Amino acid sequence: MTLVDALPLIPVGGPTLPQERRLVTAVPGPKSQKLSRRKLEAVSAGVGVTLPVYIVAAGGGVLVDVDGNSLIDLGSGIAVTGVGNSAPEVVAAVAAQLAQFTHTCFTVTPYDSYIEVAETLNRLTPGDHAKRSALFNSGAEAVENAVKIARHYTGKQAVVAFDHAYHGRTTLTMGLTAKNQPYKNGFGPFAAEIYRAPTSYPYRDAGLDGVGAARRAITQIEKQIGADNLAALIIEPIQGEGGFIVPAPGFLPTLVDWCRANRVVFIADEVQTGFARTGDLFASNHEGIVPDLMVLAKGIAGGLPLSAVTGRAEIMDAPQVGGIGGTYGGNPLACAAALATMRSYETENLAQRAREIGAILTGRLNAIRAVDKRVGDVRGRGAMIAIELVDPVTGDPDAALTGRVVAAAHAQGVVLLTCGTYGNVIRFLPPLSIPDDLLVEGLQVLSSVFAAA
Ligand SMILES: *Cc1c(COP(=O)(O)O)cnc(C)c1O
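Residues numbered from 1 in each chain as written. Predicted model: local features only at pLDDT ≥ 70, side-chain atom pairs only at ≥ 80, totals over all residues. Heavy atoms only, no water.

The protein chain is annotated in an unreviewed UniProt entry as (S)-3-amino-2-methylpropionate transaminase from Cryobacterium cheniae. Heading Pathway (unreviewed entry) of the UniProt record for the protein chain holds this comment: "Amino-acid degradation; 4-aminobutanoate degradation." Recorded in UniProt under Sequence similarities (unreviewed entry), the annotation for the protein chain is "Belongs to the class-III pyridoxal-phosphate-dependent aminotransferase family." (UniProt positions renumbered as here; feature names shortened; annotations may be inferred.)

Written out as structure tokens, the structure reads:
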């Protein structure tokens with residue numbers, strides 16, 4: 001080890017980390033490149049990396065890497081660190097729990113924080129009916145359990161997911177996910193009794209309104225499956241990986257009404273949209289819908305792995321005792337983090353903060369769109385905003401341009417993510433703890449690399 005390697009230059013994370021973009025090496029720098037070579041030798045090649053800078057500290061709106069670069073975080077580790085990285089209240093709650101006990105398995109000898117997380121979710125989620133919750137580790141695991149519970153409750157088997165959907169990468173959830181590359185290719189066979197319906201994609205739907213799009217989906221479901229066979233319909237109220245697609249007004253309420261009339265469980269996958277991200281605590285609230293079951297994860301616990309299914313008591317209570325659970329589900333450290341995180345969402349009015357961030361994002365992005373027709377669409381809600389990049393003449397998706405813009409932003413120290421079925425969407429998911437000036441600087445970098453691309 002050289003002297004430089006040994007220097008203890010690792011800063012403490014959290015909001016006190018200097019909130020600045022600071023590049024002291026190329027991105028990625030030499031230490032990150034060295035780690036990338038180690039990754040190649042040690043980590044499965046199937047585990048991809050968006051931007052190979054290795055992080056040593058993060059907080060507010062920045063990520064600091066091993067080379068000492070401070071990057072602007074416009075991704076929140078995919079919508080996870082809404083309250084910010086190493087948020088002090090989360091750190092304190094987890095540290096206290098760490099000193100008490102780390103694990104018992106809730107289904108062996110339980111503890112109260114699991115119950116308090118369930119009570120909080122039951123209170124915060126839409127609808128004032130009796131609810132129950134169950135806790136898991138990942139979004140995909142929670143989606144699987146929502147489907148299991150819906151099947152048990154209805155005694156039916158079929159599940160409908162939508163075009164452009166993303167629900168995870170386990171066997172059941174790969175089947176629900178729409179996109180082949182990279183999520184499904186070569187990993188079949190997929191689970192049985194999964195069907196796909198057309199969604200509402202206003203930018204590409206040519207005049208079809210929300211109710212019309214819902215009728216189109218319902219007709220297909222009735223003709224191809226039949227409500228008598230359908231246990232559940234699962235949908236993201238705003239599609240995440242599929243391209244931040246906000247359905248036209250009326251689409252979701254029409255689907256909910258049809259589900260209720262046909263004893264089909266309506267599952268809202270709010271893994272990405274949940275917890276203040278969209279400018280309301282849940283995206284379902286924007287449309288006034290009350291899902292039967294909600295799947296929650298990502299933003300729930302300030303970065304610790306936790307997920308949940310919350311929903312109608314009679315549905316959630318249907319499975320036999322022991323049918324639902326797992327070794328780590330509702331781990332005490334994750335529950336402590338979730339309680340601190342959810343308290344912050346409520347007491348610090350982070351939904352309002354998400355709306356402010358959304359106003360900055362849409363203002364700047366629409367200004368780019370006004371002068372550059374390669375930005376075909378600016379869409380999303382709150383701090384979940386995206387641009388869709390297209391050929392200005394044909395309107396065709398331009399994934400190559402998207403890749404160039406994002407790579408150039410990365411080189412300038414701005415962490416940006418892409419998404420979209422056609423790979424032509426840049427999504428903005430900043431931590432809600434990002435200062436305005438840093439967000440604006442990140443958007444200025446985007447604007448300049450876009451003009452140059
Ligand atoms: C990320 C995501 C999932 C999967 O969550 P994991 O924790 O990665 O398993 C499921 N649904 C949606 C909408 C997501 O964005």
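J.: Just to check I follow, could you spell out the sheet that holds strand 13 (residues 414-415) for this structure?
T.: Paired through backbone hydrogen bonds, the strands of a sheet run either parallel or antiparallel to each other. Taking strand neighbours across the sheet as the criterion, the four strands line up as 1-2-3-13 in an open arrangement whose pairing is mixed. Each end of this open sheet is capped by a strand with a single partner; those strands are strand 1 (55-59) and strand 13. Across three bridges, strand 2 (residues 62-65) lies against strand 3 (residues 70-73) in antiparallel orientation. Looking at the pairing, Val-62 lines up with Ile-72 of strand 3. The sheet strands contacting helix 14 (residues 436-452) are strand 2, strand 3 and strand 13, and the helix crosses strand 3 at an angle near 90 degrees. (Pairing = 2+ DSSP bridges. Helix = DSSP H or I, 4+ residues; strand = E, 2+ residues; numbered from the N terminus. Contact = heavy atoms within 4.5 Å. Axes fitted to C-alpha atoms, helices over the stretch in contact; angles between N-to-C directions.)

J.: What am I meant to see in the packing of aromatic side chains here?
T.: The geometry of two aromatic rings is summed up by the distance between their centres and the angle between their planes. In the structure shown here, the tally under the stated rule is seven aromatic pairs. Note on Phe-162 and Phe-251: the rings are 6.1 Å apart at their centroids and 80 degrees apart in plane angle, and the pair reads as edge-to-face. Placement of Phe-162 in strand 5 (residues 158-162) and of Phe-251 in helix 9 (residues 251-261) is noted, with a sequence separation of 89 residues between them. Here Arg-263 stacks its cationic end above the ring of Tyr-153, 4.9 Å away from the centre of that ring. Lying across the ring of Phe-450, Arg-374 places its NZ or CZ 4.3 Å from the centre. (Phe/Tyr/Trp six-rings, centres within 6.5 Å; stacked < 30°, edge-to-face > 60°. Lys NZ or Arg CZ within 6 Å of the ring centre and 35° of its normal.)

J.: Sorry if this is basic, but what is going on with the pairing of strand 11 (residues 375-381) here?
T.: On any regular strand, side chains alternate: one points to one face of the sheet, the next to the other face. Within strand 11, five of the seven residues are buried, leaving the element largely enclosed by the surrounding structure. Where strand 11 meets strand 12 (residues 384-389), six bridges bridge the pair, whose relative direction is antiparallel. In the sheet register, Arg-379 faces strand 12, and the bridge partner there is Ala-386. (Buried < 20%, exposed > 50% of the residue type's maximum accessible area, 1.4 Å probe, protein only.)

J.: Got a minute to help me understand the packing of helix 5 (residues 112-124) against helix 11 (residues 332-347) in this structure?
T.: A pair of packed helices is captured by two measures, namely the crossing angle of their axes and the spacing between those axes. Running from N to C, helix 5 and helix 11 point in directions that differ by 35 degrees, and their axes come no closer than 9 Å. Read as a crossing pair, helix 5 and helix 11 show a hand that is left-handed. Together, Ser-113, Tyr-114, Glu-116, Val-117, Thr-120, Leu-121, Arg-123 and Leu-124 of helix 5 and Pro-332, Cys-335, Ala-338, Leu-339, Met-342 and Glu-346 of helix 11 make up the contact between the two elements. Of the residues contributing to the contact of helix 5 with helix 11, the split by class is nine nonpolar, two polar and three charged. (Left-handed = near helix turned anticlockwise from the far one by under 90°. Nonpolar A, V, L, I, M, F, W, Y, C, P; charged D, E, K, R; others polar.)

J.: Help me understand the domain arrangement of the protein chain in this model?
T.: By a frequent convention, interface size equals the accessible area lost on bringing the separate parts together. Partitioning the protein chain into domains gives domain 1 (4-86 + 349-452) and domain 2 (90-347). Summarising the inter-unit geometry, the C-alpha centres of domain 1 and domain 2 are found 26 Å apart. The partner domain 2 presents 34 residues to the 40 residues of domain 1 that form the contact. Roughly 2800 Å² of surface becomes buried between domain 1 and domain 2 when both sides are summed, with 59% attributable to carbon and sulfur atoms. As a salt-bridge pair, Arg-427 and Glu-241 come within 2.9 Å of each other at their nearest N and O atoms. One can count 16 residue pairs in polar contact (both at pLDDT 80 or more) joining domain 1 with domain 2. Broken down by secondary-structure element, the contributors of at least two residues to the side of domain 1 that touches domain 2 are helix 3 (76-79), helix 12 (350-371), strand 11, strand 12 and strand 15 (425-428). Top element by residues in the side of domain 1 that touches domain 2 is strand 11. It accounts for five residues. Within the side of domain 1 that touches domain 2, the residues separate by chemical class into 21 nonpolar, 13 polar and six charged. (Domains from an automatic or database assignment. Buried area = accessible area lost by both parts, 1.4 Å probe. Salt bridge = Lys/Arg side-chain N within 4 Å of Asp/Glu carboxyl O. Polar contact = N/O pair within 3.5 Å; in protein donor to acceptor, adjacent residues only side chain to side chain.)

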